[in-house]
Amino acid sequence: MNINPKKINSLIKEMEAILRKIRKGEEKAKPVLKKIHSHHKKSALNLVHYHQFRKSDFRESQRKLGNLGMTRFANAQGHVEDSLVKVLYLLYRLADGAPANFEKAQLSTKKSKKLLKSNTQALFGNPSEGRRVRIMVTMPSHAAKNYALVYDMVENGMNCARINCAHDTPEVWKKIIKNVKKASEELGSSVKIAMDLAGPKIRTGAVEPGARIIKFKPKIDDEGIILKPVEIRLIISTAELVPAHTVPINADWLGELVEGDKLSVVDANNKSRKLKVIGSFEQSVIVRSNKAISFKTGAAIESSTLSKKGTIGSLPQIQKAIRLYKDDMVVITDESIPGSSAIVNEQGEILEKAHIPCQFPGIFEKVNKGDLVLFDDGKIEGIIQSVKKNSFEVLITRAAEKGVKLKAEKGMNFPNTNLGISGLTPKDKEDLAFVAKHADIVNFSFVNSKKDVQELLSELKKLEAYEKLGIILKIETKFAFDNLEEILLEAMQVKKVGVMIARGDLAVETGWQEIGQVQHELLSICGAAHIPVIWATQVLENLAKNGLPSRSEITDVVTSLKAECVMLNKGPYMKDVLILLDTILSNMEDFQEKNETMLPKIRKL
């Protein structure tokens, strides 16, 4: 083997400079490291080393080391100093030999792998047999009543049950937790309870409702032939809540009808419709129609048999939306003004621009002209053109060719705007008291900075849950990604810490073209801190909802082996999802190395 001494000595100097650089960074970080939990001391130190290491473009040196048959630091994030020291030692041996005062690393490669395993164990408990990666499943509301459903989930590999505080009530949460614990005990497994704090997600406000109309239509084939008439339940109108897809009738004679009786009504489209009674009950009847029908509040309804009349009762108002096209202008207002579509005259001139409210108070003080705005998970994109005291105008720069409907309660993202939103809302603090008492883990939504973490830790101390409750930091925004290292160092004051890569919101915030690299960098940073990662958003979603997985979903599952836990959302085919996921994760375990390739240079978006 022909080795050029000059090249070896050049590499030695470069490695020595990098080693000095990371150890110098260690000195600067000492005040931060003092606060770290004893269990995380070496991990936090390695994260500091990693941060210093990634400041440089190291690709040329990596190439040279590869040509010598040495490591290129591709899997070194968990043990940066040890990898540098070992490379230096080999280079010294190729030159004049290692110096007498050669200093070993404070954290060995072997120990770093044990730390990640230990941290994962602390957060999630024991893994399932033959599978390192845990499975977290989002609990549907009916898990509170359907014990068999929960039992199937536990039996088929669920390691952690996720409950989202944005939905349901504490009473429902308690019942779900009770079912999970009961199934765990019966099956002899240990399933952790994780609860999401809803967080301060910014959403669109109310849109002007439409008419009080409800539509029904029969099932027809492509040629318009009726395959099945539509069946409708008519119920005597009362002050009580009317069930969905039921039509209330102001007619106390409704219960007198019998099978075969006929009713007539003029519907919302001013069309006469005949209805035949096919089922009769004390307070309601079921009728059949061979034609589409739109019931409208206040419309007359008549019984030809009883020669009696009534009216359609109060129906829910249709939830309308505003339709937006590319190059449209939409005004974002405060919550006092319901949204509506643009008003256009016969010549196509806009008399009044489309407008929709934003639920976040104070938004108008935070945004600026030129800021990017994304609506409904990025389906609509726009740029702020002007800002006023109680509104701002957005030029739509991207939307579907045929237009997009923007409804109430849809997410709004401002990826380039620092909105200064705290990670905990008043509702979050209220829910946190329940979580601290009943759960094992709190999933902290929309954490953006170390201040958010400080606030959470402060609340946990008040609730005497500082050491008891595990914390999973949900990385959902560009600011969270940019601040991840300081967020982790703050959170590592407690023992049980994890990170959830919430790929849906994160992709909207960072851009779909960037999400692949962002995922890799998040995995690398968490790997440097030996913090377990939860791979979340749309994992096997087609299978969960429709019973059939897509090819890309299977590839995504294999990629998820780089994490310590996979999160599943709700769906009617969850048992099938769990069986398939457990099989893939178990079978692929021996073929997938946890560590991620180290990228050339860390960057902010």
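See the structure printed just above.
Residues numbered from 1 in each chain as written. Predicted model: local features only at pLDDT ≥ 70, side-chain atom pairs only at ≥ 80, totals over all residues. Heavy atoms only, no water.

Novice: Looking at this model, I keep getting lost on the packing of aromatic side chains. Mind explaining?
Specialist: The description of an aromatic ring pair uses the distance of the two centres, along with the angle that the planes make with each other. Counted according to the given criterion, the structure contains six aromatic pairs. Measuring from centroid to centroid gives 6.3 Å for Phe392 and Phe414, while their planes differ by 75°, and the two rings are edge-to-face. Here Phe414 lies in the loop between strand E24 (412-413) and helix H9 (426-438) and Phe392 lies in strand E22 (residues 391-398), a separation of 22 residues in the sequence. Across the pair, Phe414 and Phe392 agree in class, each one buried. Members of the aromatic cluster, each reached through a chain of ring pairs, are Phe364, Phe392 and Phe414. Taking NZ or CZ as reference, Lys182 lies 4.4 Å from the ring centre of Tyr147, over its face. Stacked on the ring of Tyr466, the Lys or Arg Lys461 has its end atom at 4.9 Å from the ring centre. (Phe/Tyr/Trp six-rings, centres within 6.5 Å; stacked < 30°, edge-to-face > 60°. Helix = DSSP H or I, 4+ residues; strand = E, 2+ residues; numbered from the N terminus. Buried < 20%, exposed > 50% of the residue type's maximum accessible area, 1.4 Å probe, protein only. Lys NZ or Arg CZ within 6 Å of the ring centre and 35° of its normal.)

Novice: What is the right way to read the sheet that holds strand E7 (residues 230-236) from this model?
Specialist: Strands belonging to one sheet form pairs held by backbone hydrogen bonds; the direction of such a pair is parallel or antiparallel. Within the closed barrel, the seven strands sit side by side as E7-E8-E14-E13-E9-E10-E11. Their pairing is mixed. Between one strand and the next, the sheet's axes are offset by a mean angle of 35°, whatever the strand orientation. Two elements, E7 and strand E8 (residues 246-250), share four bridges in a ladder whose sense is parallel. Bridge pairing in E8 links Ile235 to Pro248. (Pairing = 2+ DSSP bridges. Axes fitted to C-alpha atoms, helices over the stretch in contact; angles between N-to-C directions.)

Novice: So what exactly am I meant to see when it comes to the nonpolar core here?
Specialist: Note that soluble globular proteins tend to have their nonpolar side chains buried in a common cluster. Counting residues in hydrophobic clusters, the biggest one holds 110 residues, and the most contacted among them are Met15, Met139, Met195, Leu473, Leu488 and Leu568. When residues no more than four places from it in sequence are discounted, the contact partners of Leu488 are Leu47, Leu473, Val499, Ile525, Ala529 and Ile531. With 27 residues, the next largest nonpolar core counts Val207, Ile363, Leu406 and Ile421 among its residues. (Core = buried A, V, L, I, M, F, W, Y, C linked by side-chain atoms within 4.5 Å. Contact = heavy atoms within 4.5 Å.)

Novice: I tried to follow the sheet that holds strand E25 (residues 441-444) on my own but got confused; where do I start?
Specialist: Strand order in this closed barrel of eight strands is E1-E2-E3-E25-E26-E27-E28-E29, and the pairing throughout is parallel. Between one strand axis and the next, the sheet turns by 25° as a mean value, whatever way the strands run. Sheet topology places strand E28 (residues 533-536) next to strand E29 (residues 565-568); two bridges connect them, and they run parallel. In the sheet register, Ile534 faces E29, and the bridge partner there is Cys565. Across the face of the sheet, helix H10 (residues 450-462) comes into contact with E25 and strand E26 (470-475) while running at roughly 155° to E26.

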